[in-house]
Amino acid sequence: MLCLIKQVPDTRNITLNVLREDGTVNRQALPAIVNPDDLFALEMATGIKDKYGGKITAMSMGPPMAIEVLKDALSRGADQAILLTDKKFAGADTLATSSLLEWAIRKYGELDLIFCGRQAIDGDTAQVGPQVAEKLDIPQVTFAEAIEYLSENDIVIRRTIDNGYERIRGRLPLLITVTNTADHPRPPSIKRLMFWKKANTKNSVKSIQEQEKLSEKGLLIPVWGLEEIGCSAEICGFAGSETWIKNVENVKLISRNPKLFDTTEQGIKNLINELVEDHII
Amino acid sequence: MENGVWVFIENDSGTVADISYELLGKGRELADRLGSELACLIIGHQISDTAPELIAYGADKVYVADDSQLTHYLTLPYARIAVDLIKEFRPSILLIGATSIGRDLAPRIASNVRTGLTADCTDLQIGEYKFGKKTWKEILLQIRPAFGGNVIATIVTPETRPQMATVREGVFNRHPADSFRRGQVVQLNPVLTDQDMILKVVERVKAEKKVNLKSAKIIVSGGMGVGSKENFEIIHELAGVLGGQVGASRAAVDAGFIGREHQVGQTGTTVRPNLYLACGISGAIQHRAGIQESNRIVAINTDLHAPIFSIAQYGIIGDLNEVIPKMINAYKNKD
């Protein structure tokens, strides 16, 4: 099993100290976290491992610091991890990301199940999962909540649809995107956390001896760049992106000073009366 | 210019989804601006009756793929039919609703034909784009909130076709139907392979669509301040008394207080009610952007500094658990 993980800036709670004077967001000032939905994907994979066995590989494309999300995945249940990092991967839109992931996954080899989070909070596109499935020429089940049955090559998945749910029967291999209504992610285990704490990549550990020591303990996380993956630079990063940003503007919303009413019976009565007089209610 | 604007029409047993009418309206505007044709594609079973209606709402051409195996949406056959048509007719623009179906289908198509795709657009325009010495004229400007809604980005797909975008429900208004419009209906004969049908829907449970935020006159919305799933009852109660619909912030939906179909904001439904009552909602920028066209906004929040107050006409600084029962009482005893 493969689990695709993304490191994202935590855009959920943007406070005033991450806003620059001109109102733009200082991305660096936001904490970098595992994309929340990806943890639900990892949980689904780990649940399958608990029940049926198998091995989980966590894979992430990102800057070198994305090793942190892989270590998080390892301490929650992944068995091994691969970091895809290269300067040439930067500036990728979802199409370029999926092209690179296709190459990396083909290099990785045969898989039964690929899990992704429903969507990432920094872009909210929900596109990379289906784009990868298409490129690998395998079916997809998006917005999955639970795997209800699994055998050699038969699988039944419950997925959410607008206003309801569906049960889908399919066959492996399959790519599944997981919603945050699925089983809640387990916390990292202390034992695993302590074990993986020292994990690193060879790019970050200078001395050969140190690298060998990590490698012996199984703590050297493989890094794949353009060369290792063997794809052309044309298909990944900015070069492989077909959506370009024309311009970015700060959001200008209406700014009002509301008329305040107090919480007394009379205060609230006054508000209701005003709304009634204006034919609002 | 090129080969026109296309809209993917979503339907449930022959009933066309609201978003598809909205996209036909916007698609018509874009096609007129480009001086090109507006085509649409509908896939399903026993759907031929929809064609005249789709033409009345703006389509010049309707492609119909009708097969009993296509009654319900399935990723692979739907994507293949769309991909085959795109490769044959090379549309310049393809618009798809950002529904659970559209979000499953659109990336699959874009990945296959290797083109750009912009999710959740809040506006679409035709314009020019310059990069270095090159200028692209009359291309689609795909405008969407980015970075948690704090910025609005304009995205372009200059080099590949179709220029693909998904759009949330409620962003565009549908145009009035014109039953005198004439158009062409093209019946397709989809040939489905075993590989296309490898996934089967074994059960499908769909609630009658009860939530209709888009056309609601009054919306009472709850946020994290409501505190729990159980306490959302108080929001339902106030909505019931006022004859309104129940909405929710993204945070409340993510916390599992209420279903996603209630989510208001740019990643949920953009709303324009006569009255929007925000209870215990701090007012993340996506939320405020999704409600700013409301006629009146009332905010109830314990935090005087909550951003929701910057968009509200009326505010009550206080605990919703205390305020809402008083509101219900005041409304029932109004003069």
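Residues numbered from 1 in each chain as written. Chains lettered and ligands numbered in written order. Predicted model: local features only at pLDDT ≥ 70, side-chain atom pairs only at ≥ 80, totals over all residues.

J.: So what exactly am I meant to see when it comes to the sheet that holds strand 17 (residues 296–301) of chain B here?
T.: Think of a sheet as strands paired side by side through backbone hydrogen bonds, with each pair either parallel or antiparallel. One open sheet holds the six strands; their spatial order is 13(A)-18(B)-17(B)-16(B)-14(B)-15(B), and the pairing between them is parallel. At either margin of the open sheet sits one strand with a lone partner, and together these are strand 13 (259–261) of chain A together with strand 15 (245–248) of chain B. Going from strand to strand, the sheet's axes swing by 20° on average, the running direction of each strand aside. Pairing between strand 13 of chain A and strand 18 (residues 314–317) of chain B: three bridges, direction parallel. Residue pairing for strand 18 of chain B: A:Leu260 is matched across the bridge by B:Gly315. Most of the contacts of helix 8 (residues 265–277) of chain A go to strand 13 of chain A, to which it runs at about 135°, and overall it touches strand 13 of chain A together with strand 16 (275–279), strand 17 and strand 18 of chain B. Set on the sheet, helix 5 (residues 233–242) of chain B makes contact with strand 14 (218–222), strand 15 and strand 16 of chain B; between it and strand 14 of chain B the angle comes to about 170°. (Pairing = 2+ DSSP bridges. Helix = DSSP H or I, 4+ residues; strand = E, 2+ residues; numbered from the N terminus. Axes fitted to C-alpha atoms, helices over the stretch in contact; angles between N-to-C directions. Contact = placed C-beta atoms within 7 Å.)

J.: Could you clarify how one ought to interpret unusual backbone geometry in this entry?
T.: With the exception of glycine, most residues fall at negative phi, and the peptide bonds are largely trans. Cis geometry marks the peptide bond from A:Leu172 to A:Pro173; its omega dihedral reads -5°. Note that A:Pro173 resides in the loop between strand 9 (164–170) and strand 10 (174–178). Put simply, B:Arg161 and B:Pro162 share a cis peptide bond, and its omega is 0°. Within the chain, A:Asp124 stands out as a residue other than glycine whose phi angle is a positive 55°. As for its position among the elements, A:Asp124 is in the loop between strand 6 (113–117) and helix 4 (128–136). With a phi angle near 60°, A:His279 is a residue other than glycine that sits in the positive phi range. Here A:His279 is to be found in the segment after helix 8. Among the residues examined, A:His279 registers 7 C-beta atoms within 10 Å and is labelled exposed. (Buried ≥ 20, exposed ≤ 12 C-beta atoms within 10 Å, placed from the backbone.)

J.: How should I be thinking about the domain arrangement of chain B in this particular structure?
T.: How big an interface is tends to be stated in terms of the accessible area lost upon association of its parts. Residues and elements named next belong to chain B. The domain boundaries assigned to chain B delineate domain 1 (5–188) and domain 2 (218–332). Listed as interface residues are 10 residues of domain 1 and, on the opposing side, nine residues of domain 2. A per-class count over the side of domain 1 that touches domain 2 returns two nonpolar, five polar and three charged. (Domains from an automatic or database assignment. Nonpolar A, V, L, I, M, F, W, Y, C, P; charged D, E, K, R; others polar.)

J.: For this particular structure, what's the right way to read the sheet that holds strand 11 (residues 223–224) of chain A?
T.: Spatial strand order, 11(A)-5(A)-4(A)-1(A)-6(A)-10(A)-7(A)-8(A)-9(A)-13(B): 10 strands in an open sheet with mixed pairing. The open sheet has two free edges, formed respectively by strand 11 of chain A together with strand 13 (200–206) of chain B, since each of these has just one partner strand. The strands that helix 1 (residues 36–52) of chain A touches are strand 1 (2–4), strand 6, strand 7 (140–150) and strand 10 of chain A; relative to strand 6 of chain A, the one it contacts most, it runs at about 150°. Contacts from helix 4 of chain A reach strand 6, strand 7 and strand 10 of chain A, with the element oriented near 75° to strand 7 of chain A.

J.: I would appreciate a short explanation of the interface of chain B and chain A in the present structure.
T.: Facing the 76 residues of chain B at the interface are 63 residues of chain A. The element that contributes the greatest number of residues to the side of chain B that touches chain A is helix 4 (residues 100–113) of chain B, accounting for eight residues. Its residues placed into classes, the side of chain B that touches chain A shows 36 nonpolar, 22 polar and 18 charged.

J.: So what exactly am I meant to see when it comes to the pairing of strand 7 (residues 117–121) of chain B here?
T.: All names here are of chain B. Where burial is concerned, most of strand 7 is hidden: five out of the five residues are buried. Pairing analysis gives three bridges linking strand 7 to strand 11 (residues 163–167), with the strands arranged parallel. Of the residues in strand 11, the one forming a bridge with Cys121 is Val167.

J.: What's the story with the packing of helix 5 of chain B against helix 8 (residues 320–332) of chain B in this structure? I'm lost.
T.: Two measures define how a pair of helices packs: the angle their axes make with one another and the distance between the axes. All names here are of chain B. As a packed pair, helix 5 and helix 8 sit with axes 10 Å apart at the nearest point and diverge in direction by 15°. The angle between helix 5 and helix 8 places the two elements in the roughly parallel class. Pair helix 5 / helix 8 crosses with left-handed handedness. For the pair helix 5 and helix 8, contact is made by Ile234, Glu237, Leu238, Val241 and Leu242 and by Asn321, Ile324, Met327, Ile328, Tyr331 and Lys332, respectively. (Parallel < 35°, antiparallel > 145°, perpendicular 65-115°, else oblique. Left-handed = near helix turned anticlockwise from the far one by under 90°.)

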